[in-house]
Amino acid sequence: MIEINGIFKYYGHHPVLKNCSTRVSKGEVVVVCGPSGSGKSTLIKCVNALEPIQKGSIRVDGIEVNDPSTDLPDLRSRIGMVFQNFELFPHLTIENNIMLAQRIVLHRTETEARKCAMDLLDRVGMSGHAHKYPGQLSGGQQQRVAIARALAMNPKAMLFDEPTSALDPEMISEVLDVMTGLARDGMTMMVVTHEMGFARKVATRVVFIDQGEIVEDLPTDEFFENHTNPRTEAFLSKIL
Ligand code: ADP
Ligand code: MG
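Residues numbered from 1 in each chain as written. Chains lettered and ligands numbered in written order. Predicted model: local features only at pLDDT ≥ 70, side-chain atom pairs only at ≥ 80, totals over all residues. Heavy atoms only, no water.

Overview of a nonpolar patch on the surface
Right, so step 1: Taken together, the side chains of Phe 89, Leu 100, Ile 104 and Val 105 present a nonpolar region at the surface, about 330 Å² in accessible area.
Right, so step 2: Mapped onto the fold, Leu 100 is located in helix α3 (residues 94-104).
Right, so step 3: What makes Leu 100 partly exposed here is its relative accessible area of 33%. (Patch = residues over 30% accessible without salt bridge, like charges linked within 9 Å, V, L, I, M, F, W, Y side chains within 5 Å. Areas by Shrake-Rupley, 256 points an atom, 1.4 Å probe, with all protein chains shown as cover. Salt bridge = Lys/Arg side-chain N within 4 Å of Asp/Glu carboxyl O. Helix = DSSP H or I, 4+ residues; strand = E, 2+ residues; numbered from the N terminus. Buried < 20%, exposed > 50% of the residue type's maximum accessible area, 1.4 Å probe, protein only.)

Encoded structure:
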């Protein structure tokens, strides 16, 4: 579903991603971890063509992301994205947050879009909040709405960039539970997170990135038990 082949990404002359390769097969959940500033967010943004790459290739569902002829709005509508800070539209109700892109991008009727929004709010445990505004919800609730909004586009894959790191501790599990449910339902997911409990339980593979390089890319059990690189060991010893 997602194929990253030998990509290089520079900000100015500063290399941020160096010869990175990995892949996420259909139904897989790949957790990406690494120190702050190592390039995790940049990697995720490149997959969604929010940032261009200077070398290598990225394919999503067979589509070449950096081919100038690629229809980027169409590509992005196939990939759901959830950010650290929710990024809901503050002036729209929860229901309208979830309906907007369905109406504009997918041209669904109001009735179809509302039905989809209600079904998804139910799925993330947020039915009953449809007519509230984001500012009236807790962080954990807003993030669950953000997940519902991404799902409303029927994405082929979901990208998460530290979805729980802005949350108070007691709200982390309600978001991870929704993500775990998605994974169990077969969603293809690439998740930047330091929640290693989630990684152990849900991930099929774990990628460790340090200073722009993919240092480790292993099936989950192997990652935790048999990682070989001292940089991985140093990182895990700090967060576990
Ligand atoms: P992470 O998500 O792992 O913390 P990022 O991908 O955000 O790391 O950043 C990787 C590196 O790229 C860092 O050195 C950061 O300072 C730099 N960087 C990120 N975004 C930009 C930008 N828009 N312009 C210049 N440098 C950037
Ligand atoms: Mg980041």
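Let's talk about the environment of Phe 235
Right, so step 1: Of note, Phe 235 is situated in helix α9 (residues 230-239).
Right, so step 2: Note: C-alpha distance between Phe 235 and Lys 132 (103 residues apart in sequence) is 41 Å.
Right, so step 3: Apart from the residues lying within four places of it in its own chain, the contact partners of Phe 235 are Cys 33, Gly 34, Pro 35, His 194 and Phe 208. (Contact = heavy atoms within 4.5 Å.)

Considering the sheet that holds strand β5 (residues 63-64)
Right, so step 1: Strands sit in the order β2-β1-β4-β5 across an open sheet of four strands; the sheet is antiparallel. The two strands at the open ends of the sheet, each matched to only one other strand, are β2 (14-24) and β5.
Right, so step 2: In this structure, strand β1 (residues 2-11) lies alongside strand β4 (residues 55-60), joined through five bridges in antiparallel fashion. Opposite Asn 5, over in β4, you have Ser 57 as the bridge partner. (Pairing = 2+ DSSP bridges.)

Brief notes about the pattern of salt bridges
Right, so step 1: Taken as a whole and assessed by the stated rule, the structure comprises 15 salt bridges.
Right, so step 2: The partner of Arg 114 in a salt bridge is Glu 95, with the nearest N and O atoms 2.9 Å apart. Placement of the pair is Arg 114 in helix α4 (residues 110-123) and Glu 95 in helix α3, with a sequence separation of 19 residues.
Right, so step 3: Its relative accessible area of 5% is what places Glu 95 among the buried residues.
Right, so step 4: One salt bridge connects Glu 174 with Arg 144, and the closest N-O pair in it is separated by 3.0 Å.

Examining the site of ligand 1
Right, so step 1: Around ligand 1, a shell composed of Tyr 11, His 14, Val 16, Pro 35, Ser 36, Gly 37, Ser 38, Gly 39, Lys 40, Ser 41 and Thr 42 is seen.
Right, so step 2: Ser 38 is positioned such that a nitrogen or oxygen atom in its backbone is 3.2 Å from an oxygen atom of ligand 1.
Right, so step 3: Here an oxygen atom of ligand 1 sits 2.8 Å away from a polar atom, N or O, in the side chain of Ser 41.
Right, so step 4: Contact with the protein chains covers 60% of the free accessible surface of ligand 1, which is 570 Å².
Right, so step 5: Per-element accounting of the shell around ligand 1 gives the leading share, three residues, to helix α1 (residues 40-47). (Near = heavy atom within 4 Å. Polar contact = N/O pair within 3.5 Å; in protein donor to acceptor, adjacent residues only side chain to side chain.)

Some remarks on the UniProt feature "domain: ABC transporter" (unreviewed entry) in the protein
Right, so step 1: Per the UniProt record, "domain: ABC transporter" (unreviewed entry) is annotated on residues 2-236.
Right, so step 2: Helix makes up 38% of residues 2-236 and strand 26%, and the two end C-alpha atoms of the span are 26 Å apart. (UniProt positions renumbered as here; feature names shortened; annotations may be inferred.)

So, α9
Right, so step 1: Among all positions in α9, only Thr 232, Phe 235 and Leu 236 are buried. Take α9 and look down its axis: the buried residues cluster within an arc of 95°, on one side only. Away from its buried face, by an angle of more than 90 degrees, α9 presents the exposed residues Pro 230, Ser 237 and Lys 238.
Right, so step 2: By the N-cap criterion, in which a side-chain oxygen at the helix start approaches the backbone nitrogen of a residue two or three places on, α9 is capped by Asn 229, the distance to Arg 231 being 2.8 Å. (Arc of directions from axis to C-beta.)

Details of helix α5 (residues 139-151)
Right, so step 1: Relative to the 18 Å expected for 13 residues at 1.5 Å per residue, α5 spans 18 Å between its end C-alpha atoms, a close match to the ideal helical length.
Right, so step 2: With 13 of 13 residues buried, α5 is to be regarded as a mostly interior element. (Expected span 1.5 Å × (residues − 1).)

Side note on the nonpolar core
Right, so step 1: Among the nonpolar cores identified, the biggest contains 52 residues, and Ile 147, Met 158, Phe 160, Met 179 and Met 189 are the most heavily contacted of them.
Right, so step 2: The element contributing the most residues to this core is helix α6 (residues 169-184), with eight residues.
Right, so step 3: If sequence neighbours within four positions are ignored, Met 179 has contacts with Ile 147, Phe 160, Pro 163, Met 189, Val 191 and Phe 198.
Right, so step 4: Listed in part, the 26 residues of the second largest apolar core include Leu 17, Val 30, Val 47 and Ile 58. (Core = buried A, V, L, I, M, F, W, Y, C linked by side-chain atoms within 4.5 Å.)

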